[in-house]
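Structural overview
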Amino acid sequence: NAGVTQTPKFRVLKTGQSMTLLCAQDMNHEYMYWYRQDPGMGLRLIHYSVGEGTTAKGEVPDGYNVSRLKKQNFLLGLESAAPSQTSVYFCASSIGGRGYYNEQFFGPGTRLTVL
Amino acid sequence: SQQGEEDPQALSIQEGENATMNCSYKTSINNLQWYRQNSGRGLVHLILIRSNEREKHSGRLRVTLDTSKKSSSLLITASRAADTASYFCAPMNTGFQKLVFGTGTRLLVSP
């Protein structure tokens with residue numbers, strides 16, 4: 001099993017450009033999450049999904065949109081990138097949202113720079 | 001959801017020594033999870049301890065939980081250079097909880 005994979009691994013954008021980050025998991029997990037991590041800070045939750053076709057806002061959702069059309073994929077979109085969105089983005093998934101089922105499995109991250 | 005606060009912020013030890021890091025939280029929990037993050041990589045789940053457990057072991061890891069003090073500790077015995085990483089705790093209430101991560105403890109293990 002590949003676990004959680006993310007594409008691309010690195011990306012440089014200019015201010016105002018758009019892009020989509022793709023997260024895929026092959027563990028049949030119901031829940032998926034997008035986090036961002038800035039230098040010296042912990043992870044902050046952007047959006048999450050509790051099942052195919054559902055999405056919900058996390059801690060820092062502004063400037064991002066997400067979609068979960070298929071259970072195994074969770075897409076994070078930036079419609080008009082800003083320098084403040086320069087960060088490392090991590091995707092994660094879990095079986096469910098309670099107890100042991102909330103153990104999260106993380107992808108390797110996408111390093112995004114917005115100039 | 002609640003955020004755990006890890007202490008110390010940074011810890012530097014020699015290989016073979018034990019490393020202890022602490023986590024404090026504010027409200028009652030159902031369980032508490034510890035994660036490790038190697039530099040530039042995603043987090044890896046280490047261990048989960050339930051609120052009715054006081055101690056749990058996994059290999060060289062020992063986690064304790066004191067619900068009366070609202071605190072947990074992670075002990076890594078006989079540390080190795082490969083243990084160099086940041087360590088995060090995530091206290092969880094009942095029901096669906098979004099994991100909220102603090103800034104972690106940065107552990108440096110020198111050969």
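Scroll up to find the structure.
Residues numbered from 1 in each chain as written. Chains lettered and ligands numbered in written order. Predicted model: local features only at pLDDT ≥ 70, side-chain atom pairs only at ≥ 80, totals over all residues. Heavy atoms only, no water.

Details of the overall build of chain A
Within chain A, the secondary structure is distributed over zero helices and eleven strands. Seen in sequence order, chain A has helices and strands lined up from the N terminus as β-β-β-β-β-β-β-β-β-β-β. Over its C-alpha atoms chain A spans a radius of gyration of 13 Å, differing by no more than 12% from the 13 Å that the globule rule assigns to 115 residues. Principal-axis analysis of the C-alpha atoms places the extent of chain A at approximately 40 × 30 × 25 Å. Burial status across chain A gives 47% buried among its 115 residues. Contacts in chain A between residues at least 24 apart in sequence constitute 55% of all its contacts with a sequence separation of at least 6. As presented, chain A carries roughly 5,500 Å² of accessible surface, and 54% of it is formed by carbon and sulfur atoms. Taking the average location of the 11 positive side-chain charges in chain A and that of its 8 negative ones, the two points are 6 Å from each other. (Helix = DSSP H or I, 4+ residues; strand = E, 2+ residues; numbered from the N terminus. Rg over C-alpha atoms; globule rule 2.2 N^0.38 Å. Buried < 20%, exposed > 50% of the residue type's maximum accessible area, 1.4 Å probe, protein only. Contact = heavy atoms within 4.5 Å. Areas by Shrake-Rupley, 256 points an atom, 1.4 Å probe, with all protein chains shown as cover. Lys, Arg positive; Asp, Glu negative; His and termini not counted. Charge placed at Lys NZ, Arg CZ, Asp CG, Glu CD.)

Describing the environment of Leu75 of chain B
All names here are of chain B. Relative to the elements of secondary structure, Leu75 occurs in strand S8 (residues 71-76). A C-alpha to C-alpha distance of 18 Å links Leu75 and Thr103, two positions 28 residues apart in sequence. With near-sequence residues (within four places) excluded, Leu75 lies in contact with Asn18, Ala19, Thr20, Arg60, Leu61 and Arg62.

Examining the state of the cysteines
All names here are of chain A. For the structure on display, the rule yields two disulfides over all chains. The disulfide partner of Cys23 is Cys91, and the S-S distance across this bridge is 1.9 Å. A torsion of -75° about the S-S bond marks the disulfide between Cys23 and Cys91 as left-handed. Taken together, the residues Cys23 in strand S3 (residues 19-25) and Cys91 in strand S9 (residues 87-94) connect sequence positions 68 residues apart. Here Cys23 falls in the buried class, since its relative accessible area comes to 0%. Classification of Cys91 as buried rests on a relative accessible area of 0%. (Disulfide = S-S within 2.5 Å.)

A closer look at the interface of chain A and chain B
Between chain A and chain B, the contact holds 24 residues from the first and 23 residues from the second. Taken over both partners, the interface formed by chain A and chain B buries close to 1,800 Å², and the fraction arising from carbon and sulfur atoms is 57%. Our count for the chain A to chain B interface comes out at three residue pairs in polar contact (both at pLDDT 80 or more). For the side of chain A that touches chain B, the secondary-structure elements that each account for two or more residues are strand S4 (31-37) and strand S5 (43-49) of chain A. The element that contributes the greatest number of residues to the side of chain A that touches chain B is S4 of chain A, accounting for four residues. Within the side of chain A that touches chain B, the residues separate by chemical class into twelve nonpolar, eight polar and four charged. (Buried area = accessible area lost by both parts, 1.4 Å probe. Polar contact = N/O pair within 3.5 Å; in protein donor to acceptor, adjacent residues only side chain to side chain. Nonpolar A, V, L, I, M, F, W, Y, C, P; charged D, E, K, R; others polar.)

Here we look at the packing of aromatic side chains
This model, assessed by the stated rule, comprises eight aromatic pairs over all chains. Where Tyr35 of chain A meets Phe101 of chain B, the ring centres are 5.9 Å apart and the plane angle is 65°; that geometry is what we call edge-to-face. Of this pair, Tyr35 of chain A sits in strand S4 while Phe101 of chain B is found in the loop between strand S9 (85-92) and strand S10 (105-110), placing the two residues in two different chains. For the pair Phe106 of chain A and Phe101 of chain B, a centre-to-centre distance of 6.2 Å together with 65° between the ring planes defines the contact as edge-to-face. (Phe/Tyr/Trp six-rings, centres within 6.5 Å; stacked < 30°, edge-to-face > 60°.)

Some points on the sheet that holds strand S7 (residues 61-66) of chain B
Paired through their backbone hydrogen bonds, the strands of a sheet run either parallel or antiparallel. Residues and elements named next belong to chain B. As summarised here, the arrangement of the five strands in space is S1-S3-S8-S7-S6, forming an open sheet in which the pairing is antiparallel. Across the chains shown, the open sheet's two edge strands, defined by having one partner strand only, are strand S1 (5-7) and strand S6 (55-58). Each neighbouring strand pair of the sheet contributes to a mean axis angle of 20°, computed without reference to strand direction. Of the pairings in the sheet, the one linking S7 to S8 comprises six bridges and is antiparallel in character. Across the sheet, Thr64 pairs through a bridge with Ser73, a residue of S8. (Pairing = 2+ DSSP bridges. Axes fitted to C-alpha atoms, helices over the stretch in contact; angles between N-to-C directions.)

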